[in-house]
Amino acid sequence: TSVKSRLESDEGISFTEFTYQIFQSYDWLRLLQSHDCYLQLGGSDQMGNILAGQDLISRSVDKLVFGLTMPLVLAESGEKFGKSAGTPVWMNQNKTSAYTVYQYMLNQKDRDMPRMLKMFTFLPLPEIEALLRKHEAKPENRYAQEKLAEQVTLLLHGDQGLSLAQQSTRILWHNDITALSQISVEDSRAVLDQAQYVQKLYSPGITMFDFAMSIGCFRSERDALRIIAAGGFYINQVKTTNPEEVIVHGIHVLQNNLTLVRVGKKNYFIVEWFTS
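Residues numbered from 1 in each chain as written. Predicted model: local features only at pLDDT ≥ 70, side-chain atom pairs only at ≥ 80, totals over all residues. Heavy atoms only, no water.

A word on the pattern of salt bridges. In total, this model carries five salt bridges according to the counting rule given. Among the salt bridges present, the one from Asp112 reaches Arg115, with a minimum N-O distance of 3.4 Å. By relative accessible area, Asp112 is classed as buried at 11%. Exposure remark for Arg115: the relative accessible area of 32% places this residue in the partly exposed category. Close ionic contact of Asp223 with Arg226 constitutes a salt bridge, the shortest N to O distance being 3.2 Å. Residue Asp223 and its partner Arg226 are both found in helix H11 (residues 221–229); the two are separated by three residues, about one turn of the helix. The buried category is assigned to Asp223, whose relative accessible area is 17%. (Salt bridge = Lys/Arg side-chain N within 4 Å of Asp/Glu carboxyl O. Buried < 20%, exposed > 50% of the residue type's maximum accessible area, 1.4 Å probe, protein only. Helix = DSSP H or I, 4+ residues; strand = E, 2+ residues; numbered from the N terminus.)

Here you go:
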């Protein structure tokens, strides 16, 4: 067995790994007793653990339980998709946002599209085949990835989650200021869930430098001047290099009284403006 080979190897096996099968078996026993759990699903690599649980249950409570294994979904590297392999996709919205799911699927490789569309969507096979032919003709348009992202996000997070994910993509990757100016404050926080949210009183004549410092974009004035001058400061996805430029309604403050600020590549701020 794999445990025996690990015990006999030079590297050995950790206590956690050694007892994993025992704990998983006992988990199933407790779930059976508390919640009538007669079926355990798992990847094909879980067959040994499932059989161990089945054996424990048959000895402890003399009940017949069942295990079902499925082929592993492998990443390009050959490693399995899953939390232990570092794949950042959970079905729970609190762990992985709809936007993250959408982007993850959108960034899959062309060669994985036939397999992933068949495994992760309910599209009819003729429709998948037609989509793949369209994709092969113009792979730069990423038709297959867009359909995969759409279908998986819709399945996990519904129409609202898909709409928010697509809005996020248009705003963050296609610099769609129209989409940004039309969303509500509540939706902006859902769309840009990685951004810091700031409420600010509008003061006529405030400069980019003073504005950036007031919302905590930079640790020091020296950093602010250096990064702004170097082109690392963006207002509504537009690069701003003049620290003395004045914040103006209709340009920097959108019609929904929001401003999207980005510092570098990943640090976002949503500013909601108020007037006295």
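Here the focus is the packing of helix H5 (residues 113–120) against helix H6 (residues 125–137). Where H5 contacts H6, the axes come no closer than 11 Å and their chain directions differ by 150 degrees. Regarding the angle of H5 to H6, the classification is roughly antiparallel. As H5 runs across H6, the sense of the crossing is right-handed. Touching Met113, Pro114, Leu117 and Lys118 of H5 are Leu125, Ile128, Leu131 and Leu132, all from H6. Class assignment for the residues of the contact of H5 with H6 results in seven nonpolar, no polar and one charged. (Axes fitted to C-alpha atoms, helices over the stretch in contact; angles between N-to-C directions. Parallel < 35°, antiparallel > 145°, perpendicular 65-115°, else oblique. Left-handed = near helix turned anticlockwise from the far one by under 90°. Contact = heavy atoms within 4.5 Å. Nonpolar A, V, L, I, M, F, W, Y, C, P; charged D, E, K, R; others polar.)

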